[in-house]
Amino acid sequence: HVKKEQRGRIYFYNDHLNSRVMERMQLERELQQALDKGELELFYQPKIDIASDRIAGLEALIRWRHPQRGLLRSGAFIDDAIEAELVAKVGDWVIAAACTQLRRWQDAGLEFYEMPLAVNIAIPQINPDLPSYINQELQRTGLHPSYLQLEITESLLIRDLDRVAHILQEISHTGVTIAIDDFGTGYSSLSRLKALPIDILKIDQSFVRNLELDRNDSAIIAAIVNMAHALDLKVVAEGVETEAQLNILRELQCDEHQGYLYSEPLNAHDMTVLLKRKQRRLRSIPASRALTA
Ligand code: C2E
Ligand code: MG
Ligand code: MG
Ligand code: MG
């Protein structure tokens, strides 16, 4: 028997590795090649300020143009079972690609109001080299740190909170903002998360999905919003697909919404088109009314 410990999980195998592990190793080899061959791509999904109905930020979501399997969403290949070093390499690529793209949008004059770009960060990526890597990329692209945001999934965070906390503090001090993703799925409490320099809570889509039907979900969201606002945090609802959901979120004083209702994640070209269209609309209204456009 072989016992292999991998970040808190222990697997037992017999003489031969089971097929799941083989698949995983194959995937890792392919992903490494994808990185080298430039098959990875970022898509972008807007977050909308509920009060003003304006784009308040963007989130980068990784995709893999797989030569055989087509366009793969992140869920199919970014997973915390993938080798830590590879996850960190992919993560570094994401940060560099996101900064490059935001610079392009700013150069094209499409940065017409404060619009930070968020990247998702995997736990193995939060290592002592991360703060200096982020600084390096911000300097390379000439972006102010406040334009970069990190999203960290709550459920992955709670295993490793102490190790992660001071690295995030270092990053946060430079002006990069930090969001807790999938909030509500991690069985943690904000009192535990308070070790972290958090700016934003993103409410997990599972609380939004049945919002129209399930009073428990609206009660949970109301509680999260109240607590977050008392702590001076902004609240984003994820996975918003209907006007009815949005109306409830507005009543519950949620700050931003994100989901298919406003836009699916778009490739860089399609997002550029969307930003240009929004910018034209903003310019066509008198300045006095632009705030509510
Ligand atoms: P997430 O950060 O919570 O992202 C939200 C996921 O929900 C995305 O799936 C997005 O495409 C999807 N989504 C957005 N709006 C809606 C909606 O209205 N309805 C529904 N049903 N789904 C919606 P995606 O892109 O497959 O990403 C899945 C997860 O993979 C992300 O969850 C994030 O945790 C992770 N991920 C994505 N990109 C990266 C990355 O570059 N690095 C790392 N480490 N993780 C990433
Ligand atoms: Mg996210
Ligand atoms: Mg999420
Ligand atoms: Mg997630």
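Keep in mind that what you see is a predicted model, and the values were worked out from it rather than measured.

## Re the site of ligand 1
In the region of ligand 1, 24 residues are neighbours, and Arg63, Asp181, Gln205, Glu241 and Tyr260 sit closest. Within the side chain of Asp181, a nitrogen or oxygen atom sits 2.8 Å from an oxygen atom of ligand 1. Within the backbone of Tyr260, a nitrogen or oxygen atom sits 2.8 Å from an oxygen atom of ligand 1. Alone, ligand 1 offers 800 Å² of accessible surface; in the complex the protein occludes 85% of this.

## Considering unusual backbone geometry
Note on backbone geometry: most residues besides glycine have negative phi, and most peptide bonds are trans. Despite not being glycine, Asp53 shows a phi value in the positive range, around 65 degrees. Within the element layout of this structure, Asp53 appears in the loop between β3 (40-49) and β4 (54-66). A residue is classified by how much of its surface remains accessible, and Asp53, at 46% relative accessible area, is partly exposed. Residues other than glycine seldom take positive phi values, yet Asp182 does so here, at roughly 55 degrees. Summarising the element assignment, Asp182 is placed in strand β8 (residues 177-183).

## Regarding the packing of aromatic side chains
Evaluated as defined, the whole model comprises two aromatic pairs. Aromatic pair Tyr44 and Trp105: ring centres 4.9 Å apart, planes at 75 degrees, arrangement edge-to-face. With Tyr44 in strand β3 and Trp105 in helix α2 (residues 84-107), the pair connects residues that are 61 residues apart, well separated along the chain. Summarising the burial analysis for this pair, Tyr44 and Trp105 share the class buried. Ring geometry for Trp64 versus Phe77: centroids 5.3 Å apart, planes at 80 degrees, classification edge-to-face. With Trp64 in strand β4 and Phe77 in the loop between β5 (70-73) and α2, this pair connects stretches of sequence that are 13 residues apart.

## Overview of the layout of surface pockets
Roughly 950 Å³ of volume is contained in the largest pocket. Considering the residues around the largest pocket, the lining is formed by 38 residues, among which Glu59, Leu61, Ser74, Asn120 and Asp181 are closest to the centre. At the level of elements, β3, β4, α2, β6 (117-121), β7 (148-153) and β8 are the ones that each hand at least two residues to the lining of the largest pocket. Here the lining of the largest pocket gets five residues from one element, more than from any other, and that element is β4.

## Considering the confidence of the model for the protein chain
The pLDDT averaged across the protein chain works out to 89; a share of 90% of its residues lies at or above 70. At the level of chain-chain contacts, confidence expressed as ipTM amounts to 0.98, with global pTM at 0.91.

Definitions and limits used
- Residues numbered from 1 in each chain as written.
- Chains lettered and ligands numbered in written order.
- Predicted model: local features only at pLDDT ≥ 70, side-chain atom pairs only at ≥ 80, totals over all residues.
- Heavy atoms only, no water.
- Near = heavy atom within 4 Å.
- Polar contact = N/O pair within 3.5 Å; in protein donor to acceptor, adjacent residues only side chain to side chain.
- Areas by Shrake-Rupley, 256 points an atom, 1.4 Å probe, with all protein chains shown as cover.
- Helix = DSSP H or I, 4+ residues; strand = E, 2+ residues; numbered from the N terminus.
- Buried < 20%, exposed > 50% of the residue type's maximum accessible area, 1.4 Å probe, protein only.
- Phe/Tyr/Trp six-rings, centres within 6.5 Å; stacked < 30°, edge-to-face > 60°.
- 1 Å grid on protein atoms, 1.4 Å probe; cavity = no way out; pocket = protein on both sides within 12 Å on 5 of 7 lines; lining within 4 Å.
- Points joined across faces, edges and corners; volume = space filled by probe spheres on them.
- pLDDT = per-residue confidence, 0-100.

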